[in-house]
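Here is how the chains run, residue by residue.
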Amino acid sequence: MIKLLKLQKAVFILIAGVLSFIAYKILDANEVKGSIYFQMLAGVLIIIGALWLLYPILFAKKDNDGNAEIITDPTVEVPVDEEEKKPATE
């Protein structure tokens, strides 16, 4: 689903934000002076990642019925659910 909606980069940015926060906590425990910059970087990356996850919802196109139509990546094949044939019971 993430690949289908082109949200892989947003997930990578969120992961980078979490890793930056972990680096901040480690450096802060060792009382490194520049650790605050990792905390600021983590905050900025988390905010950017969260906004990027909202992008398909905010910019979805509406069809004639007013329903949102989210544009997906055309190169990704979507598996089609086939109806299971149930045996007829008597």
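The shown structure was predicted, so the numbers you read here are calculated from the model rather than taken from an experiment.

### Focus: helix H1 (residues 8-29)
The α-helix winds at 3.6 residues per turn, so residues separated by three or four positions along the chain end up facing the same way. Taking 1.5 Å per residue as the helical rise, H1 with its 22 residues ought to reach 32 Å, and the 32 Å between its terminal C-alpha atoms agrees with that figure. For H1, the complete set of buried residues consists of Ala10, Ile13, Gly17, Ser20 and Tyr24. Relative to the axis of H1, the buried residues are bounded by an arc of 75° and lie together on one face. Every exposed residue of H1 that faces more than 90 degrees away from the buried side is listed here: Phe12, Leu19 and Ala29. Each element contacted by the buried residues of H1 is listed here: helix H2 (35-58). Note on H1: the residue one or two positions beyond its end, Glu31, has a positive phi of about 55°.

### A closer look at the UniProt feature "transmembrane region" (unreviewed entry) in the chain
Mapped onto this structure's residue numbering, the UniProt feature "transmembrane region" (unreviewed entry) falls at residues 7-24 and 36-55. Between the first and last C-alpha atoms of residues 7-24 the distance is 26 Å; the span itself is 94% helix and 0% strand. End-to-end, the C-alpha atoms of residues 36-55 are 29 Å apart, and along that stretch the chain is 100% helix and 0% strand.

### Describing the side chain of Ser20
Considering the arrangement of structural elements, one finds Ser20 in helix H1. Those residues in contact with Ser20 that sit more than four places away from it in its chain are Phe38, Leu41 and Ala42.

### A few points about the packing of aromatic side chains
Taken as a whole and judged by the stated rule, the model has 1 aromatic pair. Taken together, a centroid distance of 5.7 Å and an interplanar angle of 40° make the contact between Phe21 and Tyr24 tilted. With Phe21 and Tyr24 both in helix H1 and 3 residues apart, the pair spans about one turn of that helix.

### As for the environment of Leu45
Position of Leu45 among the secondary structure elements: in helix H2. Classification of Leu45 by relative accessible area gives buried; the value is 18%. Along the sequence, Leu45 and Leu14 sit 31 residues apart, while their C-alpha atoms lie 6.3 Å from each other. Discounting chain neighbours no more than four positions away, the residues touching Leu45 are Ile13, Ala16 and Gly17.

### What to know about the environment of Ile46
Mapping Ile46 onto the fold places it in helix H2. Here Ile46 is in contact with Leu14, Gly17 and Val18, once residues within four sequence places are set aside.

What counts, and at which threshold
- Each chain carries its own residue numbering, running from 1 in the direction its sequence is written.
- For this predicted model, a pLDDT threshold of at least 70 governs which residues receive local features, and a threshold of 80 or more governs which side-chain atom pairs are given and counted, while totals over whole chains, interfaces and linings are taken from all residues.
- By convention in this description, side-chain values take in all heavy atoms of the structure and omit both hydrogens and water.
- Numbering goes from the N terminus for both helices and strands, where a helix is a DSSP run of H or I of at least four residues and a strand is a run of E of at least two.
- Given a helix with a known number of residues, its expected span is that number minus one, times 1.5 Å.
- Partly exposed describes any residue whose relative accessible area lies between the buried limit of under 20% and the exposed limit of over 50%, with all areas from a 1.4 Å probe on protein chains only and scaled to the type maximum.
- Note: the arc covers the axis-to-C-beta directions of the helix.
- Contacts are residue-level and defined by heavy atoms, with any inter-residue pair within 4.5 Å sufficient.
- UniProt positions are given in the numbering used here, feature names are shortened, and annotations may be inferred rather than shown by experiment.
- To pair, rings of Phe, Tyr and Trp, with the six-membered ring standing in for Trp, must have centres within 6.5 Å; the planes then decide the type, stacked if under 30 degrees apart, edge-to-face if over 60, and tilted in the middle.

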